[in-house]
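Here's the letter readout for the chains.
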Amino acid sequence: MNHFTLIDWIVFVIYALIVMALGLWVSRTKKGAEKTTSDYFLAGRSLPWWAIGASLIAANISAEHFIAMSGSGYAIGLAVACYEWVAAAVLLIVAKFFLPVFLRTGIYTMPQFLNQRYNRPVSTSLSVFWLLMYVFVNLTSVSYLGALALEKVLGIPLLYGIIGLSLFSALYSLYGGLKAVAWTDVIQVVFLIGGGLVTTLLALNAVGHGAGILAGFQTLVGQAPERFHMIIEKGLFFVPDGTEGAVKDAFLDLPGVAVILGSMWLTNICFWGFNQYIIQRGLAAKSTKEAQYGLAFAGFLKLLVPLLVVIPGICAYVLRADITKSDEAYPWLLNNIVPAGITGLAFAALVAAVVSSLSSIINSASTIFTMDIYKVYIKPDAGDKQLVKVGRIVAFVSLLIATLIAPRFASLDQVYPIIQEYTGFIYPGVFLIFFLGMFWKQATSKAALWTAILTLPVAVLFKFFVPDMPFIVRIGYVFIILSVVFVGLSLAGRKGRIASPEESAEKKRNHIRNGALIIAIAACIGLFAMFFLQRYATFALDSVYTLVVAFILLGIVLVTDAKYTKMDQKALVFETGLFKTTLPFNIIAIGIFGMLTFLYCYFW
């Protein structure tokens, strides 16, 4: 077994010094000047497209990927790549339709948008949801998984590793804010992709017994064909569940066609479109065009992520890694496959992923608490200096809480599915509140508030009463129930409306016709699917109803907005020209969708 050599330490220390030096340098202010909230929370709205794209990937790819997703690759296989490949498409949707709306409002946070569109109770309820998720799920899981790597590669005790990673990320992020986080992410993503790619190539070469990368890939597919199915049938194979050698059906984590037809789209849209610590990069852009190019760049990079994290996990499985839990697969590769010198680079990539994500989550948690809770409820007249100070205190406290809770993850075999399941508890409600708030003039504050209130209880009830239902399918059913609640309350509460902007009769007729057609087609697909539900139950065909209801919602939006002459007092009104994109963006989008089509057809 290889251990860190002197050259590995040199490479790793150089990486750490570069990141800290850059973070502190970009955080500096002119003598006598104070950081403003725009500087600290939105990097002065000055980020170019390439920094946005790099920062998005660095913020997203963390120990959840290098450790947890690689562990799922070891246990389940390529099917877990659906999270990354669907995200590539979703980033383009967010760039074209959502980000222009947010940028036009000039907001700092997602809750600020909700306050503008609905009211303060709605924005506060979502602020609390996000803070709980960031601190108790995201920060804790990233800290634990990063520390697990330190323990397996360097022998550092788990608790000390958690503390060390927290301090490393705090060194520059607490002082410099988003500007420090975003610009250091540009360096982090170079180490992240470079080191990750080197590990993958070495692992494939080891699988091929030194015959090269292509030979290694052929051997990989030949020896583990079941781990190259993108669509997993119920009962196909079983994986450890982390409790005393027990196993569970892999279908529970990645159920059949649900990964491409169902709520996988909802979770990705919520994560990439309405998640503060992700969308904050887009809000910090120089312009809408720069923001859209940045998201398109990130979408292209997302296509590569499974190569960096999932394939190594499958390699560890074929190489019969001597590990006790799936999430130890990647550290095992670093110890046994990667040679001296390169180990330092690969480990720097892993730590880069951990630290960049920690810094991003910390900054976003502090932004939401400071701008949406402290400034609103505690001290409305606070100046920039006081708000920045509070932001730093909140960031430190968030890290401290995560450090205390993170060791509790040690009993799990695969952390990645757990992260997706528990963040998925709030996604159905979040999607409806934002999507209908942006595009439906009839959406009301009452409907949004009740949807926010019911989101968590409905999800918990489903988990309690139907524990054997895959969580991805469960998210879809929660979405369907909340859709009925939201639409029903909005259409029932039409008091206090204001006149809608005048539109031509022809435009209204087109919207009504198109909306009715969408509803009819979606309903027909739903009825047709009913005849095959039993036959294809092992492929979770019922997940198609998530998309059926989503398109019916779209039809309702088109029909009612055209038919009704009045709208909600806070409804958004904008011209369709807001969503016009440039030719380069459109070419990149076509290319990404083309590559996704090829990948899914090849690995179906």
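Quick note: structure is the one above.
No experiment lies behind these values; they were computed from the predicted model shown.

Cut-offs applied
- Within each chain, residue numbers correspond to sequence positions counted from 1 in written order.
- Local features in a predicted model are, by the rule used here, given only for residues with pLDDT of at least 70; side-chain atom pairs are given and counted only at 80 or more, and totals for whole chains, interfaces and linings are based on all residues.
- Side-chain measures were taken over the full set of non-hydrogen atoms in the model, leaving aside hydrogen atoms and water.
- Secondary structure elements follow DSSP: runs of H or I of four or more residues count as helices, runs of E of two or more count as strands, with numbering from the N terminus.
- We take the radius of gyration over the C-alpha atoms and set the globule estimate at 2.2 Å times the residue count to the 0.38 power.
- When accessible area is computed with a 1.4 Å probe and restricted to protein chains, residues below 20% of their type maximum are described as buried, those above 50% as exposed, and intermediate ones as partly exposed.
- We call two residues in contact whenever any of their non-hydrogen atoms come within 4.5 Å of each other.
- For accessible areas, the Shrake-Rupley method is used with a probe of radius 1.4 Å. Any residue's cover is judged against the shown protein chains and nothing else.
- Residue count minus one, scaled by 1.5 Å, sets the expected span of a helix.
- A residue's bend is given by the angle between axes fitted to the 7 residues ending at it and the 7 residues starting at it.
- A pair of aromatic rings is counted whenever rings of Phe, Tyr or Trp (Trp by its six-membered ring) have centres within 6.5 Å, and the orientation is called stacked for planes under 30 degrees apart, edge-to-face for over 60 and tilted otherwise.
- Any Lys NZ or Arg CZ found within 6 Å of a ring centre and within 35 degrees of that ring's normal is scored as a charge over the ring.
- Under this scheme, a helix contributes an axis fitted over its contacting stretch, all axes are lines through C-alpha atoms, and angles between N-to-C directions fall in the 0 to 180 degree range.
- Reported orientations rely on four angle classes, namely roughly parallel under 35 degrees, roughly antiparallel over 145, roughly perpendicular from 65 to 115, and oblique for the rest.
- Whether a crossing is left-handed or right-handed is set by the direction in which the near helix is turned from the far one by less than a right angle, anticlockwise for left-handed and clockwise for right-handed.
- What is meant by a nonpolar core is a set of buried Ala, Val, Leu, Ile, Met, Phe, Trp, Tyr and Cys residues, joined one to another through side-chain atoms within 4.5 Å.
- Note on patches: the residues involved have over 30% relative accessible area and no salt bridge, like charges join within 9 Å, and the nonpolar side chains Val, Leu, Ile, Met, Phe, Trp and Tyr join within 5 Å.
- Salt-bridge detection follows one rule: a side-chain nitrogen of Lys or Arg within 4 Å of a carboxyl oxygen of Asp or Glu.
- When residues are sorted by character, Ala, Val, Leu, Ile, Met, Phe, Trp, Tyr, Cys and Pro go into the nonpolar class, Asp, Glu, Lys and Arg into the charged class, and all the rest, Gly among them, into the polar class.
- Here Asp and Glu are counted as negative and Lys and Arg as positive; His is not counted, and neither are the chain ends.
- For this analysis, a polar contact is any N or O atom pair within 3.5 Å, provided that within protein one partner can donate a hydrogen and the other can accept it, and provided that sequence-adjacent residues contribute only side-chain to side-chain pairs.

*Asks:* Give a description of the overall build of the chain that names residues and reports values.
*Replies:* Counting secondary structure elements, the chain contains 24 helices and 4 strands. Its C-alpha radius of gyration of 24 Å places the chain within 12% of the 25 Å reference for a compact globule of 604 residues. Seen along its three principal axes, the alpha-carbon backbone of the chain occupies a region of about 75 × 70 × 45 Å. Relative to its full complement of 604 residues, the chain shows a buried share of 58%. Sequence-distant contacts, at least 24 apart, represent 84% of the contacts inside the chain between residues at least 6 apart. Total accessible area on the chain stands at roughly 23,300 Å², and carbon and sulfur atoms take up 69% of it.

*Asks:* Account for helix 20 (residues 445–465), with residues named and values stated.
*Replies:* Look at helix 20: 30 Å from first C-alpha to last across 21 residues, which is about the 30 Å you get at 1.5 Å a residue. The largest bend in helix 20 is about 35°, located at Leu 454, with the proline Pro 457 one to four residues further on. Regarding helix 20, the residues found buried are Ser 445, Ala 447, Ala 448, Thr 451, Ala 452, Thr 455, Val 458, Ala 459 and Phe 462. Among the structural elements, helix 7 (120–154), helix 19 (427–439) and helix 21 (471–492) are those in contact with the buried residues of helix 20.

*Asks:* So what about the packing of aromatic side chains? Which residues, and what values?
*Replies:* Taken as a whole and assessed by the stated rule, the structure comprises 25 aromatic pairs. With 5.0 Å between their ring centres and 55° between their planes, Phe 528 and Phe 532 make a pair best called tilted. By relative accessible area, Phe 528 is classed as exposed at 53%. On the basis of relative accessible area, Phe 532 is assigned to the partly exposed category, the value being 23%. It is Arg 227 that lies over the ring of Tyr 317; its NZ or CZ is 3.7 Å from the centre.

*Asks:* I'd like to hear about unusual backbone geometry, residue by residue, with values.
*Replies:* One can expect most non-glycine residues to show negative phi and most peptide bonds to be in trans. The phi torsion at Arg 320 lies on the positive side, around 55°, for a residue other than glycine. As for its position among the elements, Arg 320 is in the loop between helix 14 (305–318) and helix 15 (329–336). Assessed through its relative accessible area of 73%, Arg 320 is described here as exposed. Despite not being glycine, Ala 540 shows a phi value in the positive range, around 55°. Given a relative accessible area of 3%, Ala 540 falls into the buried group.

*Asks:* Give a description of the packing of helix 20 against helix 21 that names residues and reports values.
*Replies:* Two measures define how a pair of helices packs: the angle their axes make with one another and the distance between the axes. The N-to-C vectors of helix 20 and helix 21 enclose an angle of 155°; their axes lie 9 Å apart at closest approach. Relative to helix 21, helix 20 is oriented roughly antiparallel. As for how helix 20 packs across helix 21, the hand of that crossing is right-handed. Judged by residue contacts, Lys 446, Ala 447, Ala 448, Trp 450, Thr 451, Leu 454, Thr 455, Val 458, Ala 459, Phe 462 and Lys 463 of helix 20 engage Arg 474, Tyr 477, Val 478, Ile 481, Leu 482, Val 485, Phe 486, Leu 489 and Ser 490 from helix 21.

*Asks:* Before we move on, can you summarise helix 3 (residues 49–60) with the specific residues and values?
*Replies:* An ideal rise of 1.5 Å per residue puts 16 Å on 12 residues; helix 3 measures up with 17 Å between its terminal C-alpha atoms. Most of helix 3 sits out of view: 10 of its 12 residues are buried. For helix 3, the complete set of buried residues consists of Ala 51, Ile 52, Gly 53, Ala 54, Ser 55, Leu 56, Ile 57, Ala 58, Ala 59 and Asn 60.

*Asks:* I'd like a description of the nonpolar core, backed by residues and values.
*Replies:* Tyr 15, Leu 78, Trp 85, Phe 102, Trp 130, Phe 274 and Phe 486 are the most contacted members of the largest nonpolar core, which totals 191 residues. Discounting chain neighbours no more than four positions away, the residues touching Leu 78 are Trp 85, Arg 227, Phe 228, Met 230, Val 310, Ile 311, Ile 314 and Phe 603. Within the second largest apolar cluster, 7 residues are counted, among which are Tyr 108, Tyr 374, Ala 382 and Val 390.

*Asks:* Lay out a nonpolar patch on the surface with the relevant residues and their values.
*Replies:* A cluster of nonpolar side chains, Ile 393, Phe 396, Val 397, Leu 400 and Leu 404, forms an exposed patch at the surface whose accessible area comes to about 490 Å². Mapped onto the secondary structure, Phe 396 falls in helix 17 (residues 384–405).

*Asks:* Report on the environment of Ser 166, specifying residues and quantitative values.
*Replies:* Examined against the element boundaries, Ser 166 turns out to sit in helix 8 (residues 158–207). Along the sequence, Ser 166 and Tyr 377 sit 211 residues apart, while their C-alpha atoms lie 29 Å from each other. Excluding its chain neighbours within four sequence positions, the residues that come into contact with Ser 166 are Ser 143, Leu 358, Leu 399 and Thr 403.

*Asks:* Describe the packing of helix 14 against helix 15, listing the residues and the values that go with them.
*Replies:* In the contact formed by helix 14 and helix 15, the axes pass within 9 Å of each other and the chain directions differ by 75°. Of the possible angle classes, the one that applies to helix 14 and helix 15 is roughly perpendicular. Residues Leu 308, Pro 312 and Ala 316 of helix 14 lie in contact with helix 15, whose contacting residues are Ala 329, Tyr 330, Trp 332 and Leu 333. Tallied by class, residues from the contact of helix 14 with helix 15 come to 7 nonpolar, no polar and no charged.

*Asks:* Go over the environment of Gly 216, please, and point to the residues and values.
*Replies:* With respect to the element layout, Gly 216 can be found in helix 9 (residues 213–223). For the pair Gly 216 and Leu 201, spaced 15 residues apart in the sequence, the C-alpha separation amounts to 9.0 Å. Beyond its immediate stretch of four places on either side in the chain, Gly 216 contacts Leu 204, Val 207 and Gly 208.

*Asks:* So what's going on with the pattern of salt bridges? Residues and values would help.
*Replies:* What the rule picks out here adds up to 5 salt bridges. Residues Lys 463 and Glu 421 are paired through a salt bridge, measuring 2.8 Å at the closest nitrogen-oxygen approach. Remark: Glu 421 occurs in helix 18 (residues 415–423) and Lys 463 occurs in helix 20; sequence separation between them is 42 residues. We note a salt bridge from Glu 421 to Arg 474, for which the minimum N-O separation is 2.8 Å. Of this pair, Glu 421 sits in helix 18 while Arg 474 sits in helix 21, and the two are 53 residues apart along the sequence. Given the relative accessible area of 4%, Arg 474 is considered buried. Counted as one network, the salt bridges with shared partners bring together Glu 421, Lys 463 and Arg 474.

*Asks:* Break down the side chain of Asp 561 for me, with residues and values.
*Replies:* Its place among the elements puts Asp 561 in helix 23 (residues 544–563). Buried charge without a partner: Asp 561 forms no salt bridge, and the closest opposite charge is Lys 441, 5.5 Å away. A polar atom in the side chain of Asp 561 sits 3.2 Å from the backbone nitrogen of Lys 441. Residues in contact with Asp 561, not counting those within four places in the same chain, are Phe 439, Trp 440, Lys 441, Gln 442 and Ile 556.

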